[in-house]
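Structural characterization, general
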Amino acid sequence: EKLLVDGSSITIDPPAADAFPISRGLGFWIKRFSNTAETSVYLKGQVTTANQATAIATGLNLVGYGYTEALELNGSAVSWTGANGGTGNTTTSDKIMVVNSDGTFTEYYFFTCPAGWTDAKYTALNNKWINNNYTLANVTIPAGKGFWYLRRGASGFIFRPKGN
């Protein structure tokens, strides 16, 4: 039932989950009730062989990483050209949030060493993802998982993993 503004209601008959069409390149949400036992969700269809490119707009973005290999955040599989390192402060840099198995988030920040910062600790972290204590983020996002990307830069950029 869907309640309308005038107080009346209509019955909605959505397609069955196994017949619901999902368009390539578009995301979707699955609503799960808290008292539902955890089960796996499987999708059937074509898998693209083209390199992935995801527009990252200013604000919060949900990014799917649909490859069969895990993503090392600071590895060579992704060019982070365009990511915003802020002013050396984690409150002004782009942030990635990864959901842990217990439902909590772990946050990582893109760091660009500001001009004049010559301390080797910081220059070694230039254009890398870091933890909130300014240490290198040694994290791997499992294959097929996604993450939240908080874009704090003034304009967007394209997230482009290298190769397939």
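Everything below is about the structure printed above this text.
None of the values given here were measured: they were computed from a predicted structure. (Residues numbered from 1 in each chain as written. Predicted model: local features only at pLDDT ≥ 70, side-chain atom pairs only at ≥ 80, totals over all residues. Heavy atoms only, no water.)

**So, the sheet that holds strand β6 (residues 78-79)**
- Taken together, the three strands give an open sheet; going across it, the order is β3-β12-β6, and neighbouring strands pair in antiparallel fashion. Of all the strands in the sheet, just β3 (54-56) and β6 have a single pairing partner and so form its edges.
- Sheet analysis places β3 next to strand β12 (residues 157-161), joined by three bridges and oriented antiparallel. Each bridged residue has a counterpart across the sheet, and for A55 the counterpart in β12 is I158. (Pairing = 2+ DSSP bridges. Helix = DSSP H or I, 4+ residues; strand = E, 2+ residues; numbered from the N terminus.)

**A look at the pattern of salt bridges**
- In this structure the tally under the stated criterion is two salt bridges.
- The salt bridge partner of D94 is R151, with a shortest N-O separation of 2.7 Å. Residue D94 is located in the loop between β6 and β7 (95-99), and its partner R151 is located in strand β11 (residues 146-151); the two are separated by 57 residues in the primary sequence. Residues D94 and R151 agree in their burial class; the two are buried.
- Taking the shortest distance from any N to any O, the salt bridge between E107 and K95 comes out at 3.3 Å. Of the two residues, E107 sits in strand β8 (residues 105-111) while K95 sits in strand β7, which places them twelve residues apart along the sequence. (Salt bridge = Lys/Arg side-chain N within 4 Å of Asp/Glu carboxyl O. Buried < 20%, exposed > 50% of the residue type's maximum accessible area, 1.4 Å probe, protein only.)

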